[in-house]
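# Summary of the model geometry
What follows is the residue order along each chain.
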Amino acid sequence: MYSTGKVYLVGAGPGHPELLTLKAAELIRRGDVIVYDRLIQEEVLALAKPSAERIYMGKPVGRHDSRQDEINELLVRKAREGKTVVRLKGGDPFLFGRGGEEAEYLAGNGIPFEVIPGVCSALSAPLSAGIPVTHRDYASAVTIVTGHNAATAEDRLDWRALARCDTLVLLMAVHNTGTIARKLIQCGRSPQTPAAIIQMAFWHEERVVIGTLEDIADRVCAEGIKPPATLVIGEVVRVREKLQGAQRDLQRYFDSSVHFQPGPGPDQLLRLAAGGMAAKVLGWALQTRLFDRFEEAVTAYDFAAEQALDAQATSEILRVLVALGLLESRPEGYRNLELASRYLTSTSPMSLRELLLYNCTQTEEWQRIAEFTRTGVPGKPGVGLGEVASAEQRHAACEAMARFAAPGAVEKLADVWQVPVAQQVAVASRVPTLVPPPRKAPGQVLVAGWGGDAHRDALLRRWPDAHVAACNPLKGEPFPKEGGFDWVILAGALEGNDSAQFDGILDCAVACLAPQGQLMLHDRVTAAGSLPAAEIALASLAKRMVNPAHTDWTAERLAAAFERHGLAMGQSDTLFAGYTTIFAARAERRAQSAARVTSVPA
Ligand SMILES: C[S@@+](CC[C@H](N)C(=O)[O-])C[C@H]1O[C@@H](n2cnc3c(N)ncnc32)[C@H](O)[C@@H]1O
């Protein structure tokens, strides 16, 4: 017999994990059962622990009521099994999400529950498009309405009253936009009232269509807008134009430099213990009782000497443990993080050591790591990575990574491209690098490397008039013969670690650049002396175990390569998972820019 668990009705916000509340993120990590529906994104579900049972309970059109009964019963059943049940709902659970009904049902069945608010789409989707739902000049009231039944006999809305509201925000209205607009006009609202629809706010697929009551339905149809989307009607829509004039774009694309990483909890450690290279490193560290030894700060050299290990290999492993959030790196050496020591040292009453060690031995041959640390050389070819990847597998991986990186990289390019002139000077005088280019649409763009199509899509979405060419020199495709490109984007061009190959690519890329053109590179690059992301630390460890001659691309090594080609490195920004965007332009141009900057009065 189990004691009853608890159900959390959790608002997941408009979709992006960065917009979860801290409490929501923590509960998703902790939940034994995650019950979710259509609006919940993979990236949010990815926070759940591997052992969590994920149950999709999306509602097929026309089956809402019976499905709701199933959901209610499921929540009660799982709670009675003693589970922590996380019922994830898009936006806020009590706004058009049937959260109220679920709470009533749980209360009626004596199940303990808690409701966690979420960022609701009715306010955040307009915000994402630069539309404040209230504004002193335009609207003192906002009314949130469901558009779901607008075209059916079940419609209970008072359209006369709605027509008089300052701002109307309609959810679930995409298919009924025409009916809604017609009803409001019939009830006296001006056909010229501004209207906007925001599809998939805060996502790559975010699209904003602007019109008036009279034509918004046609525009929605012509643009192929699909749910989830939020319709806003009222004078406040005009604010978007004003804000856009002053600021490049109000759409918030994902910023993967922002991570919510509170340090490793037991769930994360268990996940580490179950996955690939990280499991091997963790297994070795546990077996050597490394975490006990690092209660006080110890240098890699001292630790290697006392354990008779290879110093170089040991310090690499310690860096990986830092990147994984298990050790901290201090001037006096490496030391256990407080949280890590709680779960990892054998003396801690909360130690998960035996369990983790067991998991590691079950999943991976982590003893290979021990061999590497003893000798500093890989035992046999392919050690640590299993089979050495074929060229085809490597290409598929590079292509997938570049496709994933393309939208974020294009956003970084847009940041540099369209910074207003006043800010350009301010930025340039603070950081003596490149002065960003003039504010105009990019004309000719060349994508050299992986993910050509994904870059083209992302570029054209932002600048429909841009001319985008693509080639992949890493697959032997030649650069275009004609030059004059305003931008050359090098995507994944540092593949492998071959300086000569990269020099060849840079030669061609520079030849393709217009005189004022700029280069943007995105790839895995670390600054010397700074902590690489865990993905980079693990990947380079794995590469070094296959090929001891492998050296990472650091920002310094890259700057030297640029210099050999008369280029000066400019701004660099974090993209995600250790990916970085780096800008460069001809060095003489940078000198001109610097001269211009110094002549600007303070
Ligand atoms: C069933 S309602 C749930 C609303 C949710 N409880 C909230 O607070 O946002 C679903 C509707 O919310 C809106 N919606 C949800 N996520 C959205 C997003 N990312 N962008 C735009 N609208 C969204 C759409 O109108 C969608 O049809």
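For clarity, every value in this text was computed on a predicted model and none was experimentally measured. (Residues numbered from 1 in each chain as written. Predicted model: local features only at pLDDT ≥ 70, side-chain atom pairs only at ≥ 80, totals over all residues.)

### Some remarks on the overall build of the protein chain
Counting its regular elements, the protein chain contains 24 helices and 18 strands. A buried classification covers 43% of the 602 residues belonging to the protein chain. Considering only residue pairs separated by 6 or more positions, the protein chain has 70% of its internal contacts joining residues 24 or more positions apart. (Helix = DSSP H or I, 4+ residues; strand = E, 2+ residues; numbered from the N terminus. Buried ≥ 20, exposed ≤ 12 C-beta atoms within 10 Å, placed from the backbone. Contact = placed C-beta atoms within 7 Å.)

### Points about the sheet that holds strand β3 (residues 53–56)
Taken in spatial order, the five strands make up an open sheet running β3-β2-β4-β1-β5, and their pairing is parallel. Because the sheet does not close on itself, it has two edges, and the strands there are β3 and β5 (113–116). Each strand axis lies, on average, 20 degrees off the axis of its neighbour in the sheet, ignoring direction. Where strand β1 (residues 6–11) meets β5, four bridges bridge the pair, whose relative direction is parallel. Paired with Val 7 across the bridge in β5 is Phe 113. Sitting on the sheet, helix α1 (residues 22–30) touches β1, β2 (33–36), β4 (84–89) and β5, and the angle it makes with β1 is about 135 degrees. (Pairing = 2+ DSSP bridges. Axes fitted to C-alpha atoms, helices over the stretch in contact; angles between N-to-C directions.)

### A word on the confidence of the model for the protein chain
For the protein chain, per-residue confidence averages 81 on the pLDDT scale, and residues scoring 70 or more make up 80% of the total. Within the model, pLDDT remains below 50 along residues 247–263, and this stretch shows 26 contacts once partners closer than five positions in the same chain are excluded. The model gives residues 381–387 a pLDDT under 50, and that stretch makes 15 contacts with residues more than four places away or in other chains. (pLDDT = per-residue confidence, 0-100.)

### Thoughts on the nonpolar core
Val 10, Ile 34, Val 86, Ala 196 and Ile 197 are the most contacted members of the largest nonpolar core, which totals 75 residues. Setting aside anything within four residues of it in sequence, one finds Ile 197 in contact with Val 209, Ile 216, Val 220, Ile 225, Ala 229, Thr 230 and Leu 231. Counting residues in each nonpolar core, the second largest holds 51 residues, with Ala 458, Phe 485, Val 488 and Phe 583 among its members. (Core = buried A, V, L, I, M, F, W, Y, C linked by C-beta atoms within 7 Å.)

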